[in-house]
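Now for the letters of each chain:
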Amino acid sequence: MTEQTGRGPEPAHERASATQVGARGPEGLPDEVGTDPGQADRATAGAGRPETGVAVLPAFDDHHPPEQELIDDCVHCGFCLPTCPTYVLWGEEMDSPRGRIYLMEIGRQGEPMNDEMVRHFDQCLGCMACVTACPSGVQYGKLIEATRQQVERRYPRSRRDRAFRALVFRLFPYPRRLRLLRGPLRLYQRSGLGGLVRRVGLTDRLLPRRLSAMERLLPTLGRLEPVPEVTPAAGPRRRRVGMLTGCVQRVFFPEVNAATARVLAADGCEVVAPAAQGCCGALSLHAGREAEAQAFARAAIQTFEAAGVDQVVVNAAGCGSAMKEYGHLLRDDPEFAERAAAFSDRVRDLSELLVELGPAAERQPLPIKVAWHDACHLGHAQGIRTQPRRALGAIPDLELREIGEAEICCGSAGIYNLVEPEPAAELGDRKAANVLATGADLLVTSNPGCLMQLRNALERRGERLPMAHVAEVLDAAVRGTDPRALLER
Ligand code: SF4
Ligand code: SF4
């Protein structure tokens, strides 16, 4: 049986379908793949981006091209189209899951990989809404992952694109490098310079669009709050769990990691956060940088194996989703294939583990209205929707509100909002409007990227809504914190 990329341990038949999470059906949409990929230029944003003029032939080499068997699973029904954010934005077939699968097919049949084909693959957010929506069980995650690896290996990106991607991948997966930036960035924010620069629109005028997007996404940096290497369980120990501290999470949202360790400990876990741990490889994996992702995965496996933990807990949806795919990522590695599959089986999202364990610590009332945002790599990729709602729903007086169009990505999607800032901003605006429509006091999610993206989208509208990671809300309930501490952030 073929593995399924981007899916957690929950059986497929227990997953919510796209319509159950609010998507419309394919009524009124075209019922067949357009046969002229060239028509895409008329509709797709980004059609004017720098072109290389190169046609790579054959499009795919023999090292794991998108599998024909998986391509053939697509029956072209179109159920995935209304949940695909890029199709929703542009109504362009080649920017839909069905269209992208068609491009993979023609690539296999002898069409070259050219600028236009790569653009449609690049513009996919990898959100996996199409996996939730597809009634035929098409494993789009595996298809796009294989395709992206081919693109990264074979397609000569423009010099500007290469330079920006090099900057991102030499910086974000390395917490030590990120930490070096913290001091100057904090000074920039606390001096008021950051606010002034944004108010007068200097970043947009002076910086290239991608660097400007990076600046605008930067969260407000508080104090560093390191997590101890071992946090003992409060009361009898129920599990010994490893905790991934992440790269962006560790440096930009240290308070989330601190809250995660406290909640786990309160519910009976001894929490081990190995100081030697590095990046899990999620950003690299989702961008098609196979060798880099494999190296990060091997190191993570070794680190947590050495820690002797029962399970590995992750509080960032994108990281958890990638770590559950290590078995697939390292399937060709004789030394790591089995270890990676066993490791992936032990990975749990924070809410997944807390619901599996059941609460040990009493939750104090939090009389607040919470809008829960399903991060795509939690809901669509891992099939985890009920657990965070159950974890939050167990807090007395907390009122949970659902966000309209929950299945549509907020535009964050790993590095998507950096490399494709315009569509990401459109999706962010759309999500921000849906969030505000809930009338909630607090927006809660499980992914640092979504928090940055939504804060930025709300800011663009001149709105402010307090936000928190689910770990921080649970921590406040366990500690009996005054709810104002969450609402006045
Ligand atoms: S992963 Fe998301 S953006 Fe990409 S094709 Fe599927 S639904 Fe569309
Ligand atoms: S990916 Fe699935 S939902 Fe989309 S067209 Fe193919 S079979 Fe239908």
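All of these numbers come straight from a predicted model, not from anything done at the bench.

A word on the site of ligand 1. If you check the shell around ligand 1, you find Cys84, Pro85, Pro97, Arg100, Cys124, Leu125, Gly126, Cys127, Met128, Ala129, Cys130 and Tyr140 and nothing else. Within the residue set of the shell around ligand 1, elements represented by two or more residues are helix 4 (97-109) and helix 6 (129-133). In terms of residue class, the shell around ligand 1 is built from ten nonpolar, one polar and one charged.

Counted by the stated rule, this structure contains three aromatic pairs. Between Phe304 and Phe343, the aromatic rings sit 6.3 Å apart at their centres with planes inclined by 45°, giving tilted as the arrangement. Linking Phe304 in helix 16 (residues 290-307) with Phe343 in helix 19 (residues 337-345), this pair joins segments that are 39 residues apart in sequence. Take Phe343: its relative accessible area is 0%, and that puts it in the buried class.

This part is about the pattern of salt bridges. When the charged atoms of two side chains with opposite charge come close together, those side chains can pair. Enumeration over the complete set of coordinates arrives at 33 salt bridges. Across the salt bridge formed by Asp122 and Arg157, the nearest N and O atoms sit 2.8 Å from each other. Remark: Arg157 occurs in the loop between helix 7 (140-154) and helix 8 (159-171) and Asp122 occurs in helix 5 (residues 115-122); sequence separation between them is 35 residues. You'll find Asp122 and Arg157 in the same group, each marked buried.

Direction vectors running N to C along helix 8 and helix 12 (residues 209-217) enclose 25°, while the axes themselves pass 11 Å from each other. In terms of orientation, helix 8 lies roughly parallel with respect to helix 12. In this structure, helix 8 contributes Asp161, Phe164, Leu167 and Val168 to the contact, and helix 12 contributes Arg210, Leu211 and Met214. Grouping the constituent residues of the contact of helix 8 with helix 12 by class yields five nonpolar, no polar and two charged.

On to the environment of Gln311. By the secondary structure assignment, Gln311 is in strand 4 (residues 311-314). For the pair formed by Gln311 and Arg239, sequence separation is 72 residues and the distance between their alpha carbons is 8.0 Å. If sequence neighbours within four positions are ignored, Gln311 has contacts with Arg239, Arg240, Val241, Gly242, Arg346, Arg348, Leu353 and Glu356. Here the side chain of Gln311 touches Glu356 through a polar contact of 3.2 Å, side chain to side chain.

Read across the open sheet, the four strands follow the order 7-6-8-9; overall the sheet is parallel. The open sheet terminates on both sides in strands that have one partner only, identified here as strand 7 (399-402) and strand 9 (467-469). The mean angle between the axes of side-by-side strands here comes to 35°, regardless of whether they run parallel or antiparallel. Pairing of strand 6 (residues 369-372) with strand 8 (residues 442-445), which is carried by three bridges, proceeds in the parallel orientation. Pairing of Val370 across the sheet is with Leu442, part of strand 8.

Quick notes on the rules
- Residues numbered from 1 in each chain as written.
- Chains lettered and ligands numbered in written order.
- Predicted model: local features only at pLDDT ≥ 70, side-chain atom pairs only at ≥ 80, totals over all residues.
- Heavy atoms only, no water.
- Near = heavy atom within 4 Å.
- Helix = DSSP H or I, 4+ residues; strand = E, 2+ residues; numbered from the N terminus.
- Nonpolar A, V, L, I, M, F, W, Y, C, P; charged D, E, K, R; others polar.
- Phe/Tyr/Trp six-rings, centres within 6.5 Å; stacked < 30°, edge-to-face > 60°.
- Buried < 20%, exposed > 50% of the residue type's maximum accessible area, 1.4 Å probe, protein only.
- Salt bridge = Lys/Arg side-chain N within 4 Å of Asp/Glu carboxyl O.
- Axes fitted to C-alpha atoms, helices over the stretch in contact; angles between N-to-C directions.
- Parallel < 35°, antiparallel > 145°, perpendicular 65-115°, else oblique.
- Contact = heavy atoms within 4.5 Å.
- Polar contact = N/O pair within 3.5 Å; in protein donor to acceptor, adjacent residues only side chain to side chain.
- Pairing = 2+ DSSP bridges.

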